[in-house]
Amino acid sequence: MKIAIDDEVQSDENGNYLINIAYLRVSTDRQAELGFGLDIQENDVVRYSKANELKNLVLFIDDGFTGTNMDRPALQEIITYINDFNAGKSHIRIENFIISRIDRLGRTLLGTLQFIQDYIVCQKDSKNSAVNRNKEDINFISVAENYCRIDRNNPQGKFLLMLFASLAEFDRDLIVEKLKRGRTSRVASGKWIGGGKIPYGYRYDKSTGILVIEPKEAEVVREIFRLYLEEKMPPQKIAERFGFSGDRSITQILQRKSLTGCIIWNGEEYEGQHKAIIPLETWEAAQEELKRRSVHRTDSHYLLSGLLYCGECGAKMRYQKWSGGNGAKIVCYSTQKSTIKGKPYLVKDENCPSVRFWANDVETAVVSELFRLSYLGNEENKKSANAVEPIGVLLKELSAERKKLSRLYDFDNDDSDDVLKEKIQDCKRRIANIQKQISDEEEKKLIGRKVDNARKIFRTLKDTWSEMNEKEKQTVCQELIDRVIIYKDGTIDVHLKLKSFLFEQKNT
């Protein structure tokens, strides 16, 4: 709050003290450069007040607050003065509400008009407000648009007020769109978005707009990936080793693809000018490991927990402790009375003909089938690698298209012809198509790594099975098996993960 004009105190017929207030707002330093600075606004409202002999002018100022949000400190203070007077808690009455321009009050049509409905017009004229308690209008004045008035005898003034409030919102939308296009063009050229969180391992060079590697931090990043992938160290342990606040910090580093030399902006990937700290393959391997570790693992010690399905009704099957014999049986959820009462969603057929099976017999049969399929780990079943890396070719094409788009944006403005705009749209479509191809190729690479991992397990499975503990055996089954289907006649089908890929013939 700032007192700009301090003349003799005026009062109305009821003894209330009359004041005039002016509201000033600026959101950024850039707005000051464009002629919306607080000093310019103050000069406007003071000059208007003196010219119209308004006394006791008090300025309420919001410095650095966006016009799209009406919840601003100074504006809320004005609202408090209005509410306190209406509730009889104060004898200070606002006679005139002055702004330099409509858009200083708000940048949205609904926000501006709702404020006027709630706090400026008198209660009987406020048709869309649940909070208005004004006994009469507060005079609303915009210095730059002086023909916009709150006056029930001047409907043209109210119409112009709504028109200029709409124009304020339209102008704001244009600014947002231009900023978005400018940022997209900047990212397409490989420069980092100014501001925002800088990835750990880099610093931001303002003079070039490019990320620069911080050697010590970069070495920590490489070691984080090594510990996570090679030593299987949990994120919390890694955080403790390097003094990070917690496991979330490590997970965020592992997930940040910009460490590979790219920039992610608005859900799209762009080739950055900054150098990579880790190879793309290492980052992709980390994403797969994150996904693998995030899969819920049952605390059950049973070998095939979560993998068993009934071949008769399709419901899941579970281990059930058995007092005699081999210790546990496998039963279909549909045949369990307790399931029907407590978890009906697990039941597929209340009349399922499935029977109980000894768990040991099922596990032995499944392990035997895995041993039989161990030939899938042979190198001759592996597809030969392509001589040309398709992702690399596609990335070069993507980079070229984005540079072309950046150049087109440089020529684009509100007066651009339809030919230029169509070229921009064509370029965007080509970029989207290339990104789809890259995504498909990355999915193929991901599948390839899963297949390679499965082959490694199969190659040594017979020799190492007897040396594994129960938890390790369970993990192997989770890695290799998609599901185990058991039929009532005892037939067991073992469905492997990625089976169709494992059986692909070489060079197909």
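Structure first, text after, so check above.
Residues numbered from 1 in each chain as written. Predicted model: local features only at pLDDT ≥ 70, side-chain atom pairs only at ≥ 80, totals over all residues. Heavy atoms only, no water.

### Side note on the side chain of Glu289
Position of Glu289 relative to the elements: it lies in helix α10 (residues 280–294). Dropping the residues within four chain positions of it, Glu289 is found in contact with Tyr228, Leu229 and Lys232. (Helix = DSSP H or I, 4+ residues; strand = E, 2+ residues; numbered from the N terminus. Contact = heavy atoms within 4.5 Å.)

### Focus: the packing of helix α8 (residues 235–242) against helix α9 (residues 247–255)
Here α8 crosses α9 at 100°, and the two axes come no closer than 7 Å. Taken together, α8 and α9 sit at an angle that is classed as roughly perpendicular. The segment α8 lies against α9, with Pro235, Gln236, Ile238 and Ala239 engaging Asp247, Ile250 and Thr251. Of the residues in the contact of α8 with α9, the class split is four nonpolar, two polar and one charged. (Axes fitted to C-alpha atoms, helices over the stretch in contact; angles between N-to-C directions. Parallel < 35°, antiparallel > 145°, perpendicular 65-115°, else oblique. Nonpolar A, V, L, I, M, F, W, Y, C, P; charged D, E, K, R; others polar.)

### Overview of the nonpolar core
Ranked by internal contacts, the top residues of the largest apolar core, which has 36 residues, are Leu304, Leu308, Tyr319, Leu461, Leu480 and Ile481. At the level of secondary structure, the elements contributing two or more residues to this core comprise β11 (308–310), β12 (317–321), β13 (328–332), α12 (359–372), α14 (418–464), α15 (470–480), β15 (481–486) and β16 (492–496). In terms of residue count, the dominant contributor to this core is α12 (five residues). Listed in part, the 31 residues of the second largest apolar core include Val221, Ile224, Trp265 and Trp283. (Core = buried A, V, L, I, M, F, W, Y, C linked by side-chain atoms within 4.5 Å. Buried < 20%, exposed > 50% of the residue type's maximum accessible area, 1.4 Å probe, protein only.)

### Quick look at the pattern of salt bridges
Inspection of the entire model under this criterion finds 19 salt bridges. Where Glu136 meets Arg93, a salt bridge forms, and the shortest distance between an N and an O atom there is 3.2 Å. Here Glu136, found in the loop between α5 (109–119) and β6 (139–142), pairs with Arg93, found in strand β5 (residues 92–99); they are 43 residues apart in sequence, far enough to count as distant. In this structure, the salt-bridge partner of Glu269 is Lys257, at a minimum N-O distance of 2.8 Å. Residue Glu269 is located in strand β10 (residues 268–271), and its partner Lys257 is located in the loop between α9 and β9 (262–265); the two are separated by twelve residues in the primary sequence. A relative accessible area of 10% means that Lys257 is categorised as buried. Counted as one network, the salt bridges with shared partners bring together Glu223, Arg226, Glu230 and Glu231. (Salt bridge = Lys/Arg side-chain N within 4 Å of Asp/Glu carboxyl O.)

### A word on the packing of aromatic side chains
For the structure shown, the criterion picks out seven aromatic pairs. Between the aromatic rings of Phe60 and Tyr81, the centroid separation amounts to 5.9 Å while the plane-to-plane angle is 75°, which identifies the pairing as edge-to-face. Of this pair, Phe60 sits in strand β4 (residues 57–63) while Tyr81 sits in helix α3 (residues 73–86); the two residues are 21 residues apart in sequence, bridging distant segments of the chain. Residue classification places Phe60 among the buried residues on the basis of a relative accessible area of 1%. Residue Tyr81 is classed as partly exposed on the basis of its relative accessible area, which comes to 23%. Pairing Phe115 with Tyr119 gives two aromatic rings, centres 5.5 Å apart and planes at 50°, and the pair type is tilted. Placement of the pair is Phe115 and Tyr119 together in helix α5, with a separation of four residues, close to one helical turn. With respect to class, Phe115 is no different from Tyr119; both count as buried. (Phe/Tyr/Trp six-rings, centres within 6.5 Å; stacked < 30°, edge-to-face > 60°.)

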